Amino acid sequence: MIPNGTKRVPGFDGYCVSKNGIVFSQHIERVGGPVLGDSPWRKLYGRKPDGKNANRVSYRLKRNDGKQVGMQCGVIVLLSWVGVPSAGLECCHNDGDPLNNHLENLRWDTRKANAADRLKHGTDQFGEKNASAILKESQVRFVKSSDKSSAELARKFGVCQSTISGIRAGRSWRHVK
């Protein structure tokens, strides 16, 4: 019997999840939290990996075929409570907070809708917000208004000439006027 207020994760025997995004496991090797009374279910502790998905809670679950896979908490909640998505849909957070994995904050939607959400919530990682950005917006404005050669500007700002050309051609930093 699974814990009250949870549903099984389809395709992952021995796992269930609450509407609040709390994941439970019966797998001894995957346990992380306290036992729930006399039941074999234990709360799993999600991990926040470094890098691209550092602001998302994820888990390593064992599929029915025995392979372990990493899954974001929101995806686990939607799979269990809403069902398998149609092709091309991904997990979206209505409030823009990827740590809020309550069912009422989640939906399956298109990549385009998810990108629109990121713009609306100000969580998109372009321009100076991108961890890989070398230039500042003020420098990009200078590049766009300068009569100097791309090679000269590239040397001045410590970037490749193709970076300067991309800015001038509108392939990058399009949001800066």
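To be clear, the structure that these remarks concern was listed above.
Residues numbered from 1 in each chain as written. Predicted model: local features only at pLDDT ≥ 70, side-chain atom pairs only at ≥ 80, totals over all residues. Heavy atoms only, no water.

It is worth spelling out the pattern of salt bridges at this point. Counting across every chain of the model gives 5 salt bridges. A salt bridge links Asp109 to Arg107, with the nearest nitrogen and oxygen atoms 2.9 Å apart. Its relative accessible area of 22% is what places Asp109 among the partly exposed residues. Arg107 sits in the partly exposed class, given a relative accessible area of 22%. A single salt-bridge network, built from bridges that share partners, covers Arg107, Asp109 and Asp117. (Salt bridge = Lys/Arg side-chain N within 4 Å of Asp/Glu carboxyl O. Buried < 20%, exposed > 50% of the residue type's maximum accessible area, 1.4 Å probe, protein only.)

Among the structural elements, Thr6 can be located in strand β1 (residues 6-8). Take Thr6: its relative accessible area is 10%, and that puts it in the buried class. In terms of polar contacts, Thr6 uses its side chain to reach the backbone carbonyl oxygen of Pro3, at 2.6 Å. Beyond its immediate stretch of four places on either side in the chain, Thr6 contacts Cys16, Val17, Ser18, Phe24 and Trp81. (Helix = DSSP H or I, 4+ residues; strand = E, 2+ residues; numbered from the N terminus. Polar contact = N/O pair within 3.5 Å; in protein donor to acceptor, adjacent residues only side chain to side chain. Contact = heavy atoms within 4.5 Å.)

Turning our attention to the packing of helix α4 (residues 150-157) against helix α5 (residues 161-169). At a minimum axis separation of 8 Å, α4 and α5 run at an interaxial angle of 115 degrees. When the axes of α4 and α5 are compared, the pair comes out roughly perpendicular. Note on packing geometry: the crossing formed by α4 with α5 is right-handed. For the pair formed by α4 and α5, the contact residues are Ser150, Ala151, Leu153 and Ala154 on the first element and Gln161, Ile164, Ser165 and Arg168 on the second. Along the lines of polarity and charge, the residues of the contact of α4 with α5 split into 4 nonpolar, 3 polar and 1 charged. (Axes fitted to C-alpha atoms, helices over the stretch in contact; angles between N-to-C directions. Parallel < 35°, antiparallel > 145°, perpendicular 65-115°, else oblique. Left-handed = near helix turned anticlockwise from the far one by under 90°. Nonpolar A, V, L, I, M, F, W, Y, C, P; charged D, E, K, R; others polar.)

Shape is all these values report; function is a separate question.
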